[in-house]
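Next come the chains, spelled out residue by residue.
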Amino acid sequence: MPLPQCDKIWFNGELVDWEDANIHVLSHVVHYGSSVFEGIRCYKTQKGSAVFRLDEHVNRLFDSAKIYRMDIPYTRQEICEAILETIRVNKLEACYIRPIVFRGYETLGVDPMGCPVEVVIAVWEWGEYLGDAALKNGVSVCTSSWNRMAPNTLPFLAKAGGNYLNSQLVRIEANANGYDEGIVLGTDGLVSEGSGENIFVIKNGSIYTPASNYAILPGITRHTAITLIRDLEMRVEQRGIPREFLYVADEVFFTGTAAEITPVRAIDQIEIGSGQRGPITEQIQGAFFDVIRAEVEDRHGWLTAV
Ligand code: PMP
C-alpha cells in the first residue's frame, strides 16, 4: 500500500512540502543505516486528538541517539512541540508519527562523526498494522530461522535503522512462508520478540514477557501493557522464555505502537489455547483501547492533546 501523503514534513526545523523533503543519495544514512527513529501514534479520542506517550517516545529517541553519539540539535521539549505542530499543520485527527534522526551528507567513510545530524518528523494516516481482523481473531506466526542480534553486536536497546535489517529478514521469511509475522529467538535460544512487536505469554493465569536482557526493544506499548495488567490487579513476570513454552501457552499476544495489542492464534501452525483471542488478552486489549480512546480517566498521563 503506498504511503498516504500529507502536506508538510518537518525537516531540520522547517515545515517543507512533502515532495521537497529529500536528501542526497550520498548521505551517510543511505549507505550505513545510521539513523535512529520512533514510531508514535496520535489517536482521535472523545476529547480531541491526542498523542500517546509522547514524552516516553521522545525520551527513547534521545536514548537511541546517545548510544550512537548523535547530538540532536534540539531539546526534547522542542521535538515534542515540533511533533504536535506537524500534526496540526497537516490537519490530521489520527495518524502515525515518524521522527527520524540520521547522519546526513558530508563525508562517506564509515566514521559518521563528520556528517551532520539531521532531524525529520513525518506524519501520515495509518490504521491497524496487522489488520482489523487481527485485533479480534489473532495472527498466525512462525518462529524465525533468524536470531536477534547477539549482545554487544548491534545494541537492541536503541531503535536504530540498521536493526531493522534483522527485522526485515524475519518479516520477509515469515510472509514468504504464509505467516503474518515471525517471532525471533535470541542467540541464547530464548524468545525475544516479533520483528516489530514485543511478546506476552499467558499460562495458567500467569503472565510472562521476556525481560530487557533478552534482546528486546524496550517497547512503550510493552510498558503500557505491564502497567495496565498491574492496574487490573494481575502480575507480569519478566524472565527468559523457552520457545516450546509458547506452544503450550494458553494465550499469546504482541504489543507495539503499530500492532497495538494483537492476539497470536497459532505459532508454527500449532494452535495457541483455543486458537482465538483469549479472555485475559481481551481484558488487557479492552483496557488499552479504553485508554487510547480516552474513554477512561488518563490516570497515568499518557495522552498529550494536540
Ligand atoms: N520491538 C521492535 C523490534 C519494534 O520495532 C517495536 C516497534 N517500535 C517494538 C518492539 C514495540 O515497541 P513500541 O511498543 O514502543 O512501539
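See the structure printed just above.
The notes below deal with the structure included here.

Parameters at a glance
Residues numbered from 1 in each chain as written. Predicted model: local features only at pLDDT ≥ 70, side-chain atom pairs only at ≥ 80, totals over all residues. Heavy atoms only, no water. Axes fitted to C-alpha atoms, helices over the stretch in contact; angles between N-to-C directions. Helix = DSSP H or I, 4+ residues; strand = E, 2+ residues; numbered from the N terminus. Parallel < 35°, antiparallel > 145°, perpendicular 65-115°, else oblique. Left-handed = near helix turned anticlockwise from the far one by under 90°. Contact = heavy atoms within 4.5 Å. Nonpolar A, V, L, I, M, F, W, Y, C, P; charged D, E, K, R; others polar. Phe/Tyr/Trp six-rings, centres within 6.5 Å; stacked < 30°, edge-to-face > 60°. Buried < 20%, exposed > 50% of the residue type's maximum accessible area, 1.4 Å probe, protein only. Lys NZ or Arg CZ within 6 Å of the ring centre and 35° of its normal. Expected span 1.5 Å × (residues − 1). Patch = residues over 30% accessible without salt bridge, like charges linked within 9 Å, V, L, I, M, F, W, Y side chains within 5 Å. Areas by Shrake-Rupley, 256 points an atom, 1.4 Å probe, with all protein chains shown as cover. Salt bridge = Lys/Arg side-chain N within 4 Å of Asp/Glu carboxyl O. Near = heavy atom within 4 Å. Polar contact = N/O pair within 3.5 Å; in protein donor to acceptor, adjacent residues only side chain to side chain.

### What about the packing of helix α2 (residues 54–67) against helix α3 (residues 76–89)?
For any two helices packed against each other, one specifies the inter-axial angle together with the distance between the axes. α3 packs onto α2 with a crossing angle of 125° between their chain directions and a minimal axis gap of 10 Å. In terms of their interaxial angle, α2 and α3 are classed as oblique. Of the two possible hands of crossing, α2 and α3 adopt the one that is right-handed. Residues L54, D55, V58, N59 and F62 of α2 lie in contact with α3, whose contacting residues are R76, I79, C80, I83 and L84. Among the residues forming the contact of α2 with α3, the class breakdown is seven nonpolar, one polar and two charged.

### Some points on the packing of aromatic side chains
Under the defined criterion, the tally for this structure stands at nine aromatic pairs. Centroid distance F52 to F288: 5.9 Å. Interplanar angle 85°. Geometry classified as edge-to-face. One end of the pair, F52, is in strand β5 (residues 48–52); the other, F288, is in helix α8 (residues 279–292), with 236 residues separating them in the sequence. Considered together, F52 and F288 belong to a single accessibility category, that of buried residues. Cluster of aromatic residues (ring-pair linked, three or more members): Y43, F52, F288, F289 and W302. Here the guanidinium or amino end of R239 rests over the ring plane of Y208, the centre of that ring lying 4.2 Å away. Its end group placed over the ring of F245, R239 keeps NZ or CZ at 5.1 Å from the ring centre.

### Thoughts on helix α6 (residues 220–231)
Between the first and last C-alpha of α6 there are 16 Å, a value that for 12 residues agrees with the 16 Å anticipated at 1.5 Å per step. Listed as buried for α6 are I220, T221, R222, T224, A225, I226, T227, L228 and I229. Residue E233 follows α6 closely and has a positive phi angle near 65°.

### Describing α8
The end-to-end C-alpha distance of α8, which contains 14 residues, comes to 20 Å, matching closely the 20 Å that a straight helix rising 1.5 Å per residue would cover. Turning to α8, its buried residues are I280, T281, I284, Q285, A287, F288, F289, V291 and I292. Trailing α8 by a residue or two, A294 shows a phi angle of about 55°, which is positive.

### Here's the deal with a nonpolar patch on the surface
A contiguous nonpolar surface patch, about 580 Å² in accessible area, is contributed by V25, L26, Y32, Y105, L108 and V110. Structurally, Y32 is set in helix α1 (residues 28–32). Given a relative accessible area of 40%, Y32 falls into the partly exposed group.

### What about the side chain of S140?
Secondary-structure assignment places S140 in strand β8 (residues 139–147). Judged by relative accessible area, which is 14%, S140 ranks as buried. Ignoring sequence-local partners within four residues, the contact set of S140 consists of Y179, D180, E181, R265 and A266.

### Observations concerning the pattern of salt bridges
The tally for this structure, following the rule as stated, stands at 11 salt bridges. Ionic pairing is found between E260 and R41, a salt bridge with its closest N-O pair at 4.0 Å. One end of the pair, E260, is in strand β15 (residues 260–267); the other, R41, is in strand β4 (residues 40–45), and 219 residues separate them in sequence. On the basis of relative accessibility, which here comes to 6%, the residue R41 falls in the buried class. One salt bridge connects R243 with D268, and the closest N-O pair in it is separated by 3.2 Å.

### Quick look at the site of the ligand
For the ligand, the set of nearby residues contains 15 residues, the closest of which are K159, Y164, E193, T221 and T257. Measuring from a nitrogen atom of the ligand, one finds a side-chain N or O atom of K159 at 2.7 Å. The separation between an oxygen atom of the ligand and a polar side-chain atom of T257 is 2.6 Å. When isolated, the ligand has an accessible area of 390 Å², and the protein chains bury 95% of it. Where the shell around the ligand is concerned, the elements lending two or more residues are α6 and β14 (251–256).

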